[in-house]
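Observations on chain architecture
Listed here are the chains, written in short residue letters.
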Amino acid sequence: MPPITTQQTSSVSVFLRRIALVQYPFAWILLLAHGISAEKVVPALGLLPLTASFLLSGLLLHRDALAAAGSPIQLLSPRNVMCCDFAIAWLQLPLLIFSWISLTDGGYRYDTSQTILGTYGTVFMMVDCGIHFYFALTDVFHILLSPSCECPHCQSVHRRGRGGISLPADEEYTPLQSDVEGQESSREAAMEQV
Ligand SMILES: [Zn+2]
């Protein structure tokens, strides 16, 4: 199986991360306006995962500039990004369901314009939820379908095992010489077995 970061996948990734970034201010306006006018917590609470999504997308899209500035860019290991995508998606999903229940419930004493406002707000949450599920599930399927893959993503996941979110480690963003040697020696070992 080819590595996950082919030209096509990465351009789709950039496109989806940009959507998550660009829609954020609009989501703020609609969800906040709805929250204030309708005095309801949902769907306005959806701004929490949307903010996390905005930060993650911004960091990923500008990681090269950040790495040059010497910030803690190592936090963005493929494994941590996958965990963040999962967390954001799973936080967004129940909020979406509660929002739909809240928007359709008690319509008789509920202003129609507020329902429309809230519904438009949830569209941003839906898009964002879909984007993060796409990334998280793509990663999971990639790992499941190619157990012996040697791409940076799989290396990062396998190296850390199945614990919680890993701490920053220098080797995760910039592949070190030892990684390349490790790959070569494992390849040699595989050749010898054949
Ligand atoms: Zn891989």
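Owing to the predicted nature of the structure, the values given are computational and were not obtained by experimental measurement.

**Describing the overall build of the chain**
Within the chain one finds nine helices and zero strands. The buried share of the chain, taken over its 194 residues, is 27%. Partitioning the contacts of the chain with sequence separation of at least 6, the portion at a separation of at least 24 is 78%.

**Quick word on the environment of Tyr24**
By secondary structure assignment, the location of Tyr24 is in helix α2 (residues 24–38). Along the backbone, Tyr24 and Leu47 are 23 residues apart, and their C-alpha atoms lie at a distance of 8.6 Å.

**Points about the UniProt feature "transmembrane region" (unreviewed entry) in the chain**
In the numbering used here, UniProt assigns the feature "transmembrane region" (unreviewed entry) to residues 21–38, 44–61, 82–103 and 115–137. Annotated as 100% helix and 0% strand, the span residues 115–137 places its first and last C-alpha atoms 32 Å apart.

**What about the confidence of the model for the chain?**
On average, residues of the chain carry a pLDDT of 79, and 73% of them reach 70 or more. Under a pLDDT of 50 for its full length, residues 1–5 has, in the predicted model, ten contacts with residues more than four places off or in other chains. Across residues 162–186, confidence stays below pLDDT 50; counting only partners more than four residues off in sequence or on other chains, it has 25 contacts.

**Remarks on the packing of helix α3 (residues 47–61) against helix α5 (residues 78–104)**
The N-to-C vectors of α3 and α5 enclose an angle of 155°; their axes lie 9 Å apart at closest approach. In terms of axis orientation, α3 runs roughly antiparallel to α5. Crossing angle aside, the handedness with which α3 passes α5 is left-handed. Listed contacts from α5 to Leu48, Pro49, Ala52, Ser53, Leu56 and Leu60 of α3 are Val81, Cys84, Ile88, Leu91, Gln92 and Leu95. The residue makeup of the contact of α3 with α5, split by class, is ten nonpolar, two polar and no charged.

About the thresholds
- Residues numbered from 1 in each chain as written.
- Predicted model: local features only at pLDDT ≥ 70, side-chain atom pairs only at ≥ 80, totals over all residues.
- Helix = DSSP H or I, 4+ residues; strand = E, 2+ residues; numbered from the N terminus.
- Buried ≥ 20, exposed ≤ 12 C-beta atoms within 10 Å, placed from the backbone.
- Contact = placed C-beta atoms within 7 Å.
- UniProt positions renumbered as here; feature names shortened; annotations may be inferred.
- pLDDT = per-residue confidence, 0-100.
- Axes fitted to C-alpha atoms, helices over the stretch in contact; angles between N-to-C directions.
- Parallel < 35°, antiparallel > 145°, perpendicular 65-115°, else oblique.
- Left-handed = near helix turned anticlockwise from the far one by under 90°.
- Nonpolar A, V, L, I, M, F, W, Y, C, P; charged D, E, K, R; others polar.

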